[in-house]
Amino acid sequence: MIVRARVVVTMDGPPIENGAVAIFDDRIVDVGRFKEVKARYRKSIDDSPPGSSPSRASRLRRAAPAGSVVDLGEQALLPGLINTHCHLDYTCLRGKIGPQKSFTDWIRAINAAKARLSEEDYVASINEGFAEAKRFGTTTIANLTAYPELIAKIDEPIRTWWFAELIDIRSPDRANEIVDLAIESLKSKKIWGLAPHALFTASPNLFHRCEEIARRENISLTTHLAESREEMSMFRDGSGPLYEFIKEIGRPMGDCGHEARTLTSGPLDARSDRAPLPQKWIIAHLNELSESDFDLVGRSKWKFHIVHCPRSHGYFAHSPFPFERLRVLGFNICLGTDSLASNENLSLFAEMRAFQQNEPNVSPRELLEMVTVNAARALNQSRNGGTLGRIRPGFHADFTSIPCRGLRDVFEEIVAFDQASTIWLDGKRA
Ligand SMILES: [Zn+2]
């Protein structure tokens, strides 16, 4: 099958006017100008001797008879968008928690709201979240769930990395057990990872166990790090609302109140005797970094992936995200939506626009990279030639298409897009 569009945005070279993509099964087999793709397709079919082995030509022949073209008309076809940080568990909390006086008050408020939800509520909430993400052109999502035992009940409509969000603040002696139990549930899914929640809720043992599993199973890891000013004062000063709240729960607070703080433990443990796993870690937030943190990450040759959630960041009024400094240091930066307990919808288009407001010098093309190419890299999908985040032969046929009148730069048009869009997943309209 050939899909033709007014413009094809491959994220490799410049956008292709009057472009087309040839698809076989779930993969892209050719991309270029419509005329050329069509001619190559025709020629492949004509040249392939009958009965020849499954060469590209005979695969194409089986793919569709010549002339099987889906013309999208005045549309831009782009790689499906990839959300690298969200919690679909809380889709049903949209608009339920107004901005609070402090981050700690927000944690209290979400805990109270969660206590009123049943298993059925969570399943419905996750399903609703998937449907919404899909409507906004998202074909791949990294979803953190606090309830891995529920995921067997969910038939996700888009490509999903299921991360079990793990907390052992009340029972640090059970860290291994908590991880192993979550894995039992995760294994019902093809793609999964582990998310020790944060340094203030997950013990060093929990982090180590997750790293051990990541080595063994070759999975991705994610965590929340340096998100709020209160987390900073908890670890650096040994005081503040988060410090008091967490201490009350019974967490040992010996790692708080030291000048060198959060970043020297957990995933960035410089003293670790194990080989670091930077390629496995997707670190959410990093809003609050001290100069010594910058020294530490600057000196390290290991670069993990960073996900910034612009609208959730705005909701909490965190300190400005140090985008330029982190980018110059060589980090791979992506965008996520976070949950609807601190955001209004699951649109990555809206995240690109929110980011652009804070960073007007970042080009629309770079914005789109943060939810395609960079995000695929964060999920380890750019290795060995890659499979996601671009329109390129060999990649999954995952696309988003949006109306495009060609009145201005296509990247500007994509970033400005504010409607529901159509997605293609593995070569099928989804
Ligand atoms: Zn989060």
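Quick summary incoming for the structure in this document. (Residues numbered from 1 in each chain as written. Predicted model: local features only at pLDDT ≥ 70, side-chain atom pairs only at ≥ 80, totals over all residues. Heavy atoms only, no water.)

**Digging into the overall build of the protein chain**
To be explicit about the condition: A run of H or I in DSSP becomes a helix once it reaches four residues, and a run of E becomes a strand once it reaches two; helices and strands are each numbered from the N terminus. For every residue, the accessible area (1.4 Å probe, protein chains only) is compared with the maximum for its type, and the residue is labelled buried under 20%, exposed over 50%, or partly exposed between those bounds. In what follows, residue pairs with any heavy atoms lying within 4.5 Å of each other are defined as contacts. Surface accessibility follows the Shrake-Rupley procedure with a 1.4 Å probe radius. Residue values consider only the protein chains on display as shielding.
Counting its regular elements, the protein chain contains 15 helices and 16 strands. Of all 430 residues assigned to the protein chain, the portion counted as buried reaches 57%. Of all intrachain contacts in the protein chain linking residues separated by at least 6 positions in sequence, the fraction that spans at least 24 positions is 71%. Total accessible area on the protein chain stands at roughly 17900 Å², and carbon and sulfur atoms take up 49% of it.

**What about the environment of Trp106?**
Let me state the cut-off plainly: Contacts described as polar in this section are N or O atom pairs within 3.5 Å, which, within protein, must combine one atom able to donate a hydrogen with one able to accept it, while residues neighboring in sequence count only if both atoms come from side chains.
Mapped onto the elements of the fold, Trp106 is located in helix α3 (residues 103-115). Given the relative accessible area of 12%, Trp106 is considered buried. Separated by 236 residues in the primary sequence, Trp106 and Ser342 have C-alpha atoms spaced 9.2 Å apart. Only 3.4 Å separates the side chain of Trp106 from the side chain of Tyr315, close enough to count as a polar contact.

**A closer look at the pairing of strand β14 (residues 399-403)**
Which entries qualify depends on this criterion: Strands were regarded as paired on the criterion that DSSP finds at least two bridges between them.
Along β14, 4 of the 5 residues are buried, which leaves the element largely enclosed by surrounding structure. In this structure, strand β5 (residues 75-79) lies alongside β14, joined through 5 bridges in antiparallel fashion. Its bridge partner lying in β14, Ala76 is registered against Ile402.

**Points about the sheet that holds strand β6 (residues 81-86)**
The line we're drawing: Axis definition: a line fit to C-alpha positions, over the contact stretch in the case of helices; interaxial angles, taken between N-to-C directions, run 0 to 180 degrees.
The sheet built from 8 strands is open, its strands ordered β6-β7-β8-β9-β10-β11-β12-β13 with parallel pairing. Edge positions in the sheet fall to β6 and β13 (332-335), since each has one partner strand and no second. Going from strand to strand, the sheet's axes swing by 25° on average, the running direction of each strand aside. As defined by bridge partners, strand β8 (residues 159-166) adjoins strand β9 (residues 192-196) across 5 bridges and the pair is classed as parallel. Considered in β9, the bridge of Trp162 is made with Trp192. Of the strands in this sheet, β7 (138-145) and β8 touch helix α4 (residues 119-135), which is tilted by about 150° from β7. Contacts between helix α6 (residues 204-217) and the sheet are confined to β8, β9, β10 (220-225) and β11 (281-285), with β9 contributing the most and set at about 165° to the helix.

**Thoughts on the packing of α3 against helix α8 (residues 241-249)**
The following threshold applies: Here the angle decides the label: under 35 degrees means roughly parallel, over 145 means roughly antiparallel, 65 to 115 means roughly perpendicular, and every other value means oblique. Residues are sorted three ways: Asp, Glu, Lys and Arg are charged, Ala, Val, Leu, Ile, Met, Phe, Trp, Tyr, Cys and Pro are nonpolar, and all the rest, Gly among them, are polar.
Contact geometry of α3 with α8 gives a least axis separation of 9 Å together with a crossing angle of 45°. Viewed along their axes, α3 and α8 adopt a mutual orientation that is oblique. Of α8, the residues touching α3 (which contributes Thr104, Ile107, Arg108 and Asn111) are Pro241, Leu242 and Phe245. Residues that form the contact of α3 with α8 fall into these classes: 4 nonpolar, 2 polar and 1 charged.

**Regarding the coordination of the zinc ion**
Cut-off, in case you're wondering: Atoms are scored as donors when they are N, O or S and lie within 2.8 Å of the metal, with 3.2 Å used for Na, K and Ca; no water is included, so coordination may look incomplete. The geometry test gives tetrahedral to four donors whose angles all lie between 85 and 135 degrees, gives square planar to four donors and octahedral to six donors whose opposite members are over 155 degrees apart with all other angles between 65 and 115, and gives irregular to the rest.
Surrounding the zinc ion are the protein donor atoms His85 (NE2), His87 (NE2), His224 (NE2) and Asp338 (OD), at 2.1 to 2.8 Å. Around the zinc ion sit 4 donor atoms; with metal-centred angles ranging over 85 to 165°, the donor geometry is irregular.

**Some words on the environment of Leu329**
By the element assignment, Leu329 lies in the loop between α11 (323-328) and β13. A C-alpha to C-alpha distance of 6.0 Å links Leu329 and Gly298, two positions 31 residues apart in sequence.

**Here's the deal with the packing of aromatic side chains**
Put simply, the test is: Centres within 6.5 Å are what make two rings of Phe, Tyr or Trp a pair, Trp counting through its six-membered ring; a difference in plane orientation under 30 degrees is then read as stacked, over 60 as edge-to-face, and the rest as tilted.
Overall, the coordinates contain 11 aromatic pairs when judged by the stated rule. Where Tyr122 meets Tyr147, the ring centres are 4.2 Å apart and the plane angle is 35°; that geometry is what we call tilted. Placement of Tyr122 in helix α4 and of Tyr147 in the loop between β7 and β8 is noted, with a sequence separation of 25 residues between them. An identical accessibility class is assigned to Tyr122 and Tyr147; each is buried.

**Section: the pattern of salt bridges**
This is how it is decided: Each salt bridge in this description consists of a side-chain nitrogen of Lys or Arg and a carboxyl oxygen of Asp or Glu lying within 4 Å of one another.
Counted by the stated rule, this structure contains 28 salt bridges. A salt bridge links Arg229 to Glu288, with the shortest nitrogen-to-oxygen separation between them at 4.0 Å. Taken together, the positions of Arg229 in helix α7 (residues 229-237) and Glu288 in the loop between β11 and α9 (291-299) put the pair 59 residues apart, joining distant regions of the chain. Through salt bridges with shared partners, a single ionic network connects Asp12, Arg390 and Arg392.

**Some points on α7**
When we look at burial in α7, the residues that qualify are Glu230, Glu231, Met232, Ser233, Met234 and Phe235. Packed against the buried residues of α7 are α3, β10 and α8.

**Some details on helix α5 (residues 175-186)**
Heads up, the rule is: To estimate how far a helix should reach, multiply one less than its number of residues by 1.5 Å. It is the directions from the helix axis to the C-beta atoms whose arc is reported.
Between its first and last C-alpha, α5 extends 17 Å over 12 residues, near the 16 Å set by a 1.5 Å rise per residue. Looking at α5, one finds that the buried residues are Ala175, Ile178, Val179, Ala182, Ile183 and Leu186. The buried residues of α5 occupy an angular sector of 135° when projected down its axis, which confines them to one face. Of the residues in α5, the exposed ones pointing more than 90 degrees away from the buried face are Leu181 and Glu184. If you follow the buried residues of α5, they end up packed against β8, β9 and α6.

**Some details on the packing of α5 against α6**
Applicable threshold: Crossing handedness is defined as follows: a turn of the near helix away from the far one that is anticlockwise and smaller than a right angle gives a left-handed crossing, while the clockwise case is right-handed.
In contact at an axis separation of 8 Å, α5 and α6 are set at 40° when each is read in the N-to-C sense. For the element pair α5 / α6, the angle class is oblique. α6 is crossed by α5, and the crossing has right-handed handedness. Mapping the contact onto sequence places Ala175, Asn176, Ile178, Val179, Asp180 and Ile183 in α5 and Asn205, Leu206, Arg209, Cys210 and Ile213 in α6. Here the residues of the contact of α5 with α6 sort into 7 nonpolar, 2 polar and 2 charged.

**What to know about the pairing of strand β15 (residues 422-425)**
Relative to β15, β14 runs antiparallel, the two sharing 3 bridges. Within β15, the residue paired with Thr400 across the bridge is Ile423. Bridge count between β15 and strand β16 (residues 428-429): 2 bridges; the pairing is antiparallel. The residue bridging Trp424 from the neighbouring strand is Arg429, located in β16. Counting the residues that bridge the hairpin from β15 to β16 gives 2 residues, and of these Asp426 lies at a positive phi of roughly 50°.

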